[in-house]
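Structural overview
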Amino acid sequence: MAGNIIYRVPNEPGSRKDRYYTLFTKKGGEYTLQLADGTTIWLNAATSIKYPANMLQDTIHIEVDGEAYFELAGNASRVYRVSVPSPSRDSLQITADNAYFNVMSYPDEPVTSVTLFKGKALVRLDSSTALPSLLLVPGQQAKPDAGKLRVVQIADSSDIIAWKNNRTSFHDAGIQTIMRFVARWYNVEIIYQGKIPDKLFTVSLPRDAKISALLGVLEKQGARFVIHEKTITVIF
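These figures come from a predicted structure and were not determined experimentally. (Residues numbered from 1 in each chain as written. Predicted model: local features only at pLDDT ≥ 70, side-chain atom pairs only at ≥ 80, totals over all residues. Heavy atoms only, no water.)

Looking at the environment of N75
By secondary structure assignment, the location of N75 is in the loop between β7 (67–71) and β8 (79–85). Using a relative accessible area of 25% as the deciding quantity, one classes N75 as partly exposed. Along the backbone, N75 and N98 are 23 residues apart, and their C-alpha atoms lie at a distance of 7.1 Å. (Helix = DSSP H or I, 4+ residues; strand = E, 2+ residues; numbered from the N terminus. Buried < 20%, exposed > 50% of the residue type's maximum accessible area, 1.4 Å probe, protein only.)

What follows is the structure, encoded as structure tokens:
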């Protein structure tokens, strides 16, 4: 697995305002961007981000496909507008100027989410101009639900950004949720054999733990695995 690489993005004030760069992280990789205004963005594995070359704009448009954690530098002269796709083909749009938040929009995840940790942020469905934006405050999470946005209060948000803090952490999570993470972080294929139970699992390990250690924790809770090269079969 690749280590976390920090890339300090230079500003290109002479570039056209519609010129963008795209950065990708592979499965098993992660990356940190530091933009010219002091904004820092952590990218999780299997994520792409599109950002402008010229930061001298009133609105900084960014697109994320995958998962990213943003710490926006407060700047009264500009706002950030972050768009993330959703499995329903609607996109979430987050607008903020001094906020910390996590976005998660992997194509294989059933739900897209935005979780706010600091500041305030406006969230709306990008495809619906008829619906008003919702104001998120710290501890709240927004998700698309049947063409509308649903906001829920998160009692413990530590699992959501465990990846950014170099931890693998799931509490009372379904096996498929955990194995989707395993597939992205360890770059393996997952196959299921038997009926998948409703049983919930808990895992808390350093992010750089070997896959054998993670599977061992799950096996103690009733899961079984057969490993063949880069394929893991989950057996129930």
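We are not done yet, so read on.
A short note on the sheet that holds strand β17 (residues 189–193)
Taken in spatial order, the 3 strands of this open sheet run β17-β20-β19, and their pairing is mixed. The open sheet has two edge strands with one neighbour each: β17 and β19 (224–228). The sheet shows a mean angle of 25 degrees between the axes of neighbouring strands, taken without regard to direction. The pairing of β17 with strand β20 (residues 231–235) spans 5 bridges and is parallel. Bridging from a neighbouring strand, Q193 pairs with I235 of β20. Contacts from helix α1 (residues 175–186) reach β17, β19 and β20 within the one sheet, and its direction differs from that of β17 by about 155 degrees. (Pairing = 2+ DSSP bridges. Axes fitted to C-alpha atoms, helices over the stretch in contact; angles between N-to-C directions. Contact = heavy atoms within 4.5 Å.)

Looking at the sheet that holds strand β5 (residues 48–52)
Pairing between sheet strands relies on hydrogen bonds along the backbone, with the strands arranged either parallel or antiparallel. Taken together, the 7 strands give an open sheet; going across it, the order is β2-β5-β6-β8-β9-β12-β13, and neighbouring strands pair in mixed fashion. The outermost strands of the open sheet, each flanked by one partner alone, are β2 (20–24) and β13 (134–136). The mean angle between the axes of side-by-side strands here comes to 20 degrees, regardless of whether they run parallel or antiparallel. Bridge count between strand β12 (residues 121–125) and β13: 3 bridges; the pairing is antiparallel. Residue A121 lies in a different strand from β13, and its bridge partner there is L136.

Examining the packing of aromatic side chains
In this structure the tally under the stated criterion is 6 aromatic pairs. A ring pair is formed by Y69 and F117, whose centres lie 5.7 Å apart and whose planes are at 70 degrees; its orientation type is edge-to-face. Here Y69, found in strand β7, pairs with F117, found in strand β11 (residues 113–118); they are 48 residues apart in sequence, far enough to count as distant. For Y69, a relative accessible area of 4% puts it in the buried group. A network of ring pairs unites the aromatic residues W42, Y69 and F117 as a single cluster. The ring of F201 carries the charged tip of K199 above its face, separated from the ring centre by 5.6 Å. Over the ring of W185 we find R207, and its NZ or CZ is 3.6 Å from the ring centre. (Phe/Tyr/Trp six-rings, centres within 6.5 Å; stacked < 30°, edge-to-face > 60°. Lys NZ or Arg CZ within 6 Å of the ring centre and 35° of its normal.)

Comments concerning the pairing of strand β6 (residues 59–65)
Along a regular strand, successive side chains alternate from one face of the sheet to the other. Residues of β6 alternate between two faces, with I60, I62 and V64 buried on one and T59, H61, E63 and D65 left unburied on the opposite face. Counting the residues that bridge the hairpin from β5 to β6 gives 6 residues. Relative to β8, β6 is paired through 5 bridges, and the arrangement is parallel. Note on β8: the bridge partner recorded for T59 is V79.

Some details on helix α2 (residues 211–219)
Burial in α2 covers these residues: L214, L215, G216 and L218. Buried residues belonging to α2 abut β16 (167–174), α1, β18 (200–206), β19 and β20.

Some details on the pattern of salt bridges
All chains considered together, the criterion is met by 9 salt bridges. Close ionic contact of K164 with E71 constitutes a salt bridge, the shortest N to O distance being 3.9 Å. A residue pair is termed long-range when its members are at least 10 positions apart, and K164 in the loop between β15 (148–153) and β16 and E71 in strand β7 qualify at 93 residues. Accessibility assignment for this pair places K164 and E71 in one class, buried. The partner of E109 in a salt bridge is R180, and the shortest N-O contact between them spans 3.1 Å. In this pair, E109 is assigned in the loop between β10 (100–104) and β11 and R180 in helix α1, connecting sequence segments 71 residues apart. Each member of the pair, E109 as well as R180, is classed as buried. Here the salt bridges do not stand alone but share partners, grouping D108, E109, R180 and R184 into one network. (Salt bridge = Lys/Arg side-chain N within 4 Å of Asp/Glu carboxyl O.)

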